[in-house]
Amino acid sequence: MIRIIPTPYMAVEGDGSFSLKGVSVYLKAKDQRLSRAVQILCSEIGGKTGELVPFRVGAEKGHCIVVCAGDDPECESCTLEVTEDRITVESGGAAGAYWGIQSLRQLVCDGDVPVCRIFDKPDFPFRGFYQDITRGRVNRLSKLFAIVDMLSYYKINMLQLYVEDAFMFKELEGIVTEDEALTPAEMLALDDYCYEHFIDLVPSLSTFGHMYTLLQSDKYKHLCELENFEPKRVYWMEKQWHHTIDPYNPESAEVVISMIEQYIPLFRSKYFNICCDETLDLCRGRNAGRDTGEAFVHHATKLISALRAHGKTAMLWGDVCMAHAELVKENISPSDVIVLNWCYHKVVPDWLGWVFNDMGYRSIFCPGTSSWSRFIENADEGIGNIASFAAHAKKNGVLGILNTNWGDFGHICPFNSNLYGALYGAQKSWNTDAETGGDFTRLVSERLYGVVEFDMTETILALCRAESISTWAHLVTWYNKNFRMGETEEFTYENEKTDADAVNAIEVCRGEIRRLEALGRKGDTVIGDLILSAEGIEILNRISLYLRGAEGYCDREELRGIISSWSERYSRAWLRDDKPSQLWRLREFFAAIPDLK
């Protein structure tokens, strides 16, 4: 097996190897971004050999690595040829050469490079990752840079950040602060960084549904479809399901287009995701009695027209489009939009694979890491969803894959606890038919987690199954019913689970924590965050047992101490990578739990 992720399209191994000792690196290309990539390669080789690795131009000679790139901006294919005397990375375009360099960097990880010939190309031109920075976590710029480093290393070429209120729009002045939103300067810096790594940073903004913060403000609540709305449920639920803007108020389009026009200059991308999904309140308030399809088209076409005036192509989520297919086909030109077709079931139904093709629209298929409302990704669900959707994507000839990482209910999952789903998405969007069995998962364990002692995917699966017994979403929903909605409901488990299952889940968490701690990698943020997630899962199961009055788990002060200790460490890890944002809500909620009984 060639030890590269994503698995190359074609690879033939030979005998012998290319020694990294005494090597020089030559670059034959015009794109300056490749110079920076080659410098990183030289540094990593030097780290292996202890030698200074010269980076040269001109005619190559001697024991060397040669990187050659043509001028085709669309070319992402690459040939990587390794003999005992020379390595050649060659592509018709800078992007292809860049991906070839990433492949070579992975081979260099293992020392001397095996003789081989690799021809590589992606299955899809769009290979994206979608990061929610709105529902709890707003990643710091340094963390976003680290995410870009990881994505580009595995040949992802598009990044979108989900924004409702996580950017300093003038409409949100006095409503959000820099502790909970990115600034224009930060977004410009991120766009530059993505460009250097051959990633298209596509702006993504809620412009129809999911505008809770804006429409709860005194200044703009008159634009809310739900007139005189007063929040009654837990904040995370209200923000998740409300609000939809009134499409027939002329000021609505003015406000949204103002936000779009503030955002556009910060991005090189020719695309703009206007979202327009889950307009759950549409025609249920001020516009009651009107047709929801007509209301959707009325607002969406205004936004698409505004983007067209700026030379941008709109992207939008497909759920509402699908519900009103005929109206959408009549009013929105296929040349103006790319539809983002999402579904998060483990097995994606066949009809979903061709529905937008039949409507005449270009589409991107959007699976997910299944890490939302959890402390660790649900790998059982996520890898099935990604593989299923990727197979449909290849069969139906769509533009690509956009792997989503949402943050429902406060975004309790650290980024480092959904790495496997992110990498699995990279594998399937580059080479859909590639194997993902034991050889792949062991390589993932090494590349992502630096663990060779055991297969880390086993730990991910064990913890995600332990979290299925007592879930964060179930706890929040129960709390909402009993302490917000005035109902009285005994705490029970979902799916016929029992106290014994919760006790067993605690033991699983403890076992995996011991295994991670035995690695002796104190200070490693990836392993540290996985331990914090495992402890969070253990605490969820302890809370379930406490609320049910299970023997051995009724000590209020013991539970309070466990939660307090974990909360402090969890908060430090959060603030290392993310702005304070909604962390206080999580801390406040957990701190109150011992007093619920």
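Look a little higher up for the structure.
Keep in mind that this is a model prediction, so the values were computed, not measured. (Residues numbered from 1 in each chain as written. Predicted model: local features only at pLDDT ≥ 70, side-chain atom pairs only at ≥ 80, totals over all residues. Heavy atoms only, no water.)

Visitor: What should I look at first to understand the overall build of the protein chain in this one?
Guide: Of regular secondary structure, the protein chain possesses 20 helices and 15 strands. Taken over the C-alpha trace, the protein chain has a radius of gyration of 25 Å; the compact-globule value for 597 residues is 25 Å, and the two agree within 12%. Principal axes of the C-alpha set define a box for the protein chain whose edges measure 80 × 65 × 45 Å. In the protein chain, buried positions account for 59% of the 597 residues. Residue pairs in contact within the protein chain that sit at least 24 positions apart in sequence constitute 78% of those at least 6 positions apart. Surface exposure of the protein chain reaches about 22900 Å², of which carbon and sulfur atoms provide 49%. Between the mean site of the 62 positive side-chain charges and the mean site of the 87 negative ones, the protein chain shows a separation of 2 Å. (Helix = DSSP H or I, 4+ residues; strand = E, 2+ residues; numbered from the N terminus. Rg over C-alpha atoms; globule rule 2.2 N^0.38 Å. Buried < 20%, exposed > 50% of the residue type's maximum accessible area, 1.4 Å probe, protein only. Contact = heavy atoms within 4.5 Å. Areas by Shrake-Rupley, 256 points an atom, 1.4 Å probe, with all protein chains shown as cover. Lys, Arg positive; Asp, Glu negative; His and termini not counted. Charge placed at Lys NZ, Arg CZ, Asp CG, Glu CD.)

Visitor: Any chance you could explain helix α20 (residues 583-592) here in plain terms?
Guide: Because each turn of an α-helix spans 3.6 residues, side chains separated by three or four positions end up pointing in the same direction. Every buried residue belonging to α20 is among Leu583, Leu586, Phe589 and Phe590, and all of these are buried. Seen end-on, α20 carries its buried residues on one side only, within an arc spanning 135°. Tucked inside the fold, the buried residues of α20 contact α6 (235-241), α16 (472-483), α18 (525-547) and α19 (556-577). (Arc of directions from axis to C-beta.)

Visitor: Would you mind showing me how to read the packing of α19 against α20 here?
Guide: Helix-helix packing: each pair is described by the crossing angle between the helix axes and the interaxial distance. Put simply, α19 and α20 touch, their axes get as near as 10 Å, and they point 170° apart. Relative to α20, α19 is oriented roughly antiparallel. On α20, the residues touching Arg560, Ile563, Trp566, Ser567, Glu568, Tyr570, Ser571, Trp574 and Leu575 of α19 are Leu583, Leu586, Arg587, Phe590 and Ala591. Split by residue class, the contact of α19 with α20 holds 9 nonpolar, 2 polar and 3 charged. (Axes fitted to C-alpha atoms, helices over the stretch in contact; angles between N-to-C directions. Parallel < 35°, antiparallel > 145°, perpendicular 65-115°, else oblique. Nonpolar A, V, L, I, M, F, W, Y, C, P; charged D, E, K, R; others polar.)

Visitor: When you look at unusual backbone geometry in this model, what are you seeing that I'm missing?
Guide: When glycine is set aside, most residues are seen to have a negative phi, and most peptide bonds are trans. With omega at 0°, the peptide bond leading from isoleucine 5 into proline 6 counts as cis. Structurally, proline 6 is set in the segment before β1 (10-18). Phi at cysteine 275 is positive, roughly 65°, even though this residue is not glycine. By secondary structure assignment, the location of cysteine 275 is in the loop between β11 (271-273) and α8 (292-309). Of the residues examined, cysteine 275 reaches a relative accessible area of 0% and is grouped as buried. A positive phi angle is found at asparagine 495, which is not glycine, with a value near 55°. Tracing the backbone shows asparagine 495 in the loop between α16 and α17 (499-517).

Visitor: Explain the packing of aromatic side chains here, please?
Guide: The relation between two aromatic rings is expressed through the spacing of the ring centres and the mutual angle of the planes. Inspection of every chain in the model, using the stated rule, returns 40 aromatic pairs. For the pair tyrosine 9 and phenylalanine 119, a centre-to-centre distance of 6.1 Å together with 80° between the ring planes defines the contact as edge-to-face. Pair noted here: tyrosine 9 is in the segment before β1 and phenylalanine 119 is in strand β7 (residues 113-120), with a separation of 110 residues, a long-range link. You can call tyrosine 9 partly exposed: its relative accessible area is 44%. For the pair phenylalanine 589 and phenylalanine 590, a centre-to-centre distance of 6.3 Å together with 90° between the ring planes defines the contact as edge-to-face. (Phe/Tyr/Trp six-rings, centres within 6.5 Å; stacked < 30°, edge-to-face > 60°.)

Visitor: What's the story with the packing of α16 against α20 in this structure? I'm lost.
Guide: Direction vectors running N to C along α16 and α20 enclose 70°, while the axes themselves pass 13 Å from each other. On the basis of their axis angle, the class for α16 and α20 is roughly perpendicular. Taken together, the residues of α20 that come into contact with α16 (itself represented by Trp472, Leu475, Val476 and Tyr479) are Leu586, Phe589 and Phe590.

Visitor: Before we go on, may I ask you to explain the nonpolar core in this structure?
Guide: Note on soluble globular proteins: their nonpolar side chains tend to be buried together. Ranked by size, the top nonpolar core spans 152 residues in total, and within it Met187, Ile274, Phe296, Tyr449, Trp472 and Leu475 carry the most contacts. Sequence-distant contacts of tryptophan 472, defined by excluding residues within four places in its chain, comprise Trp236, Ser373, Phe409, Ile412, Leu540, Leu586, Phe589 and Phe590. In this structure, Ile4, Ala37, Val38 and Val108 belong to the second largest nonpolar core, which totals 36 residues. (Core = buried A, V, L, I, M, F, W, Y, C linked by side-chain atoms within 4.5 Å.)

Visitor: So what exactly am I meant to see when it comes to the pairing of strand β8 (residues 126-132) here?
Guide: Side-chain direction in a regular strand flips from residue to residue, so the side chains alternate between the two faces of the sheet. Counting buried positions along β8 gives 7 out of 7 residues, so the element sits mostly inside the fold. Of the two faces of β8, the one carrying Phe126, Gly128, Tyr130 and Asp132 and the one carrying Arg127, Phe129 and Gln131 are both buried. Pairing between β8 and strand β15 (residues 400-405): 6 bridges, direction parallel. Pairing of phenylalanine 129 across the sheet is with asparagine 403, part of β15. In terms of strand pairing, β8 meets strand β9 (residues 158-163) through 5 bridges, oriented parallel. Across the sheet, the residue bridging to glutamine 131 is leucine 161, located in β9. Read from β8 through helix α3 (residues 141-153) to β9, the crossover connection turns out right-handed. (Pairing = 2+ DSSP bridges. Right-handed = clockwise from strand over helix to strand, strands pointing away.)

Visitor: What is the right way to read the state of the cysteines from this model?
Guide: A covalent bond bridging the sulfur atoms of two cysteines is what the word disulfide describes. The tally for this structure, following the rule as stated, stands at 0 disulfides. Between cysteine 75, a free cysteine, and cysteine 78, which holds the nearest cysteine sulfur, the sulfur-to-sulfur gap is 8.3 Å. Using a relative accessible area of 13% as the deciding quantity, one classes cysteine 75 as buried. For cysteine 464, which is in no disulfide, the shortest distance to another cysteine sulfur is to cysteine 509 and amounts to 11 Å. (Disulfide = S-S within 2.5 Å.)

Visitor: What should I look at first to understand the pattern of salt bridges in this one?
Guide: Side chains that carry opposite charge are capable of pairing whenever their charged atoms lie near each other. Counting across every chain of the model gives 46 salt bridges. Residue glutamate 76 is joined to arginine 127 by a salt bridge in which the shortest nitrogen-to-oxygen separation is 2.8 Å. Residue glutamate 76 is located in the loop between β4 (64-69) and β5 (78-82), and its partner arginine 127 is located in strand β8; the two are separated by 51 residues in the primary sequence. Assigned by exposure class, glutamate 76 and arginine 127 land together as buried. Lysine 239 is the salt-bridge partner of aspartate 165, the closest N and O atoms lying 3.4 Å from each other. On the criterion of sequence distance, the pair formed by aspartate 165 in the loop between β9 and α4 (184-196) and lysine 239 in helix α6 is long-range, its members being 74 residues apart. Taken as a pair, aspartate 165 and lysine 239 share a single burial class, namely buried. Connected through salt bridges with shared partners, the residues Asp132, Arg135, Glu164, Asp165, Lys239 and Asp408 form a single ionic network. (Salt bridge = Lys/Arg side-chain N within 4 Å of Asp/Glu carboxyl O.)

In short, geometric facts, not functional conclusions.
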